[in-house]
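Below are the chains, spelled out letter by letter.
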Amino acid sequence: MPKFYKFFLALLFTLIISWFTWQIPAAFAATESETSLRTLAEKRGILIGAAVDMKALKSDSKYGEVLAREFNAILPENAMKLILLHPERDRYNFTDTDILMDFAKTHQMQVHGHPLIWHYAVPQWLESGNFTREQFIEILHDYIKTVVTRYRGQIKVWYVVNESINRDGSLEDSIWLRKIGPEYIDLAYRWVHELDPEARLFYNEYSAEEVGQKADAVYQLLQGLIQRGVPIHGVGLQMHKDVDWSSAPQLIENMKKLAALGLDISITEMDIYIKEGFGNQQQALEKQAQIYEDTLQACLSIPQCVYFSIWGFSDRYTWAASWRGSQGAPLIFDEQYRPKPAYYAMQKVLRRE
Ligand code: 9MR
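An account of the accompanying structure is given in this report. Being a predicted model, the structure only gives us computed values, none of them experimental. (Residues numbered from 1 in each chain as written. Predicted model: local features only at pLDDT ≥ 70, side-chain atom pairs only at ≥ 80, totals over all residues. Heavy atoms only, no water.)

Describing the pattern of salt bridges
Heads up, the rule is: When a carboxyl oxygen of Asp or Glu lies within 4 Å of a side-chain nitrogen of Lys or Arg, that pair is called a salt bridge. The secondary structure listing takes helices from DSSP runs of H or I that are at least 4 residues long and strands from runs of E that are at least 2 residues long, numbered from the N terminus. Think of it in three bands: residues with accessible area under 20% of the maximum for their type are buried, residues over 50% are exposed, and the middle band is partly exposed, with areas taken using a 1.4 Å probe on protein chains only.
One pass over the full model with this rule turns up 22 salt bridges. A salt bridge links glutamate 65 to lysine 62; the nearest nitrogen and oxygen atoms lie 3.6 Å apart. With glutamate 65 and lysine 62 both in helix H4 (residues 61-70) and 3 residues apart, this pair spans about one turn of that helix. For lysine 62, a relative accessible area of 34% gives the class partly exposed.

Structural notes on unusual backbone geometry
Among all residues except glycine, the phi angle is most often negative; among peptide bonds, the trans geometry is most common. Looking along the chain, the bond that leaves histidine 114 and enters proline 115 is cis, with omega of -25 degrees. Here proline 115 lies in the loop between strand E3 (110-113) and helix H7 (124-127). Not every positive phi belongs to a glycine, and glutamine 108 is a case in point at roughly 50 degrees. Considering the arrangement of structural elements, one finds glutamine 108 in the loop between helix H6 (95-106) and E3. What makes glutamine 108 exposed here is its relative accessible area of 66%. If you check the backbone angles, methionine 239 has positive phi at about 70 degrees while not being a glycine. The residue methionine 239 is located in the loop between strand E6 (234-237) and strand E7 (240-242) in this model. Under the relative-accessibility criterion, methionine 239 is labelled buried at 0%.

Digging into the pairing of E3
We apply this condition: Strands were regarded as paired on the criterion that DSSP finds at least two bridges between them.
Where strand E2 (residues 73-76) and E3 come together, 2 bridges link them in parallel fashion. Opposite alanine 73, over in E3, you have glutamine 110 as the bridge partner. As paired elements, E3 and strand E4 (residues 155-162) share 3 bridges and run parallel to each other. Counterpart to glycine 113 in the pairing with E4 is tryptophan 158.

Rendered as structure tokens:
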């Protein structure tokens, strides 16, 4: 064969091989991203998020891979809690929250701050410190200023106050309530708004999804804030439920009522715990999928529901194991990151016209 033809054939062969090398991964990537929850949610203009376990993010590469592929918003499960962020009076620790912010930036995800003020996860120096009311107000202000200023412009939504109401509708006992009084809530919202006027400020609550005593108390709290001119833009309903939950119509009714106050709504911490004794595994997984489907559908049916977030995403890492005594498989991927029926149910809802 003349040299020219040999050269031509080699060139052609190289071109074909490189075309395949580029096209095949591109094709896989396209399939993956076209069906991911994140892509489907973006087409509908909503945020789909997950709470992030920092230990998992730092040690398990598959965790970060699935997180970035499936979600366009994140919030820290624990890293922003006062006890971790401000463990001593003169010391802050932003190591994990900075890692989270970098991860979000790299993968173009929105970050939500959770929680700024909570009655739980308060460090010992504050719990047992003998401070006056004025000192408490100063400590709260300094804390808010330090954290909000550090992430100004990067954290788009702040869950400023978390779980300030008991199941019976009364105000939850907390160091803030005891030392400052109920006005700690107004002060916190006003300060965050002053420090970052662009951030959307939300209130976050558990067991206030269905209509009833607690939901009414949350409504009154929010209505009061609005009437007093306190900057509040939205409310997060957590959705930690068991697999026998069946109150989607009540959730919709409640969301409509809250939206009528002029507030945005988010589902912030959804997980559906499979209780022992609930049918066989297949029945439990199907019922769990149905609840994810109904809740996401409820959110999509309310224009003000702008954010839907799960409390983790893989059963490999769930708070239920430590808090409820058993794992309960409450999330949408199993421990090996295989999608569960709940994942496909969410895909189905996001595709629905
Ligand atoms: O899932 C969180 C768990 O790992 C922590 O130990 C616990 C205490 O900080 O908080 C859990 O997250 C809670 C969230 O911050 C507020 N709503 C209820 C969540 C589940 O308890």
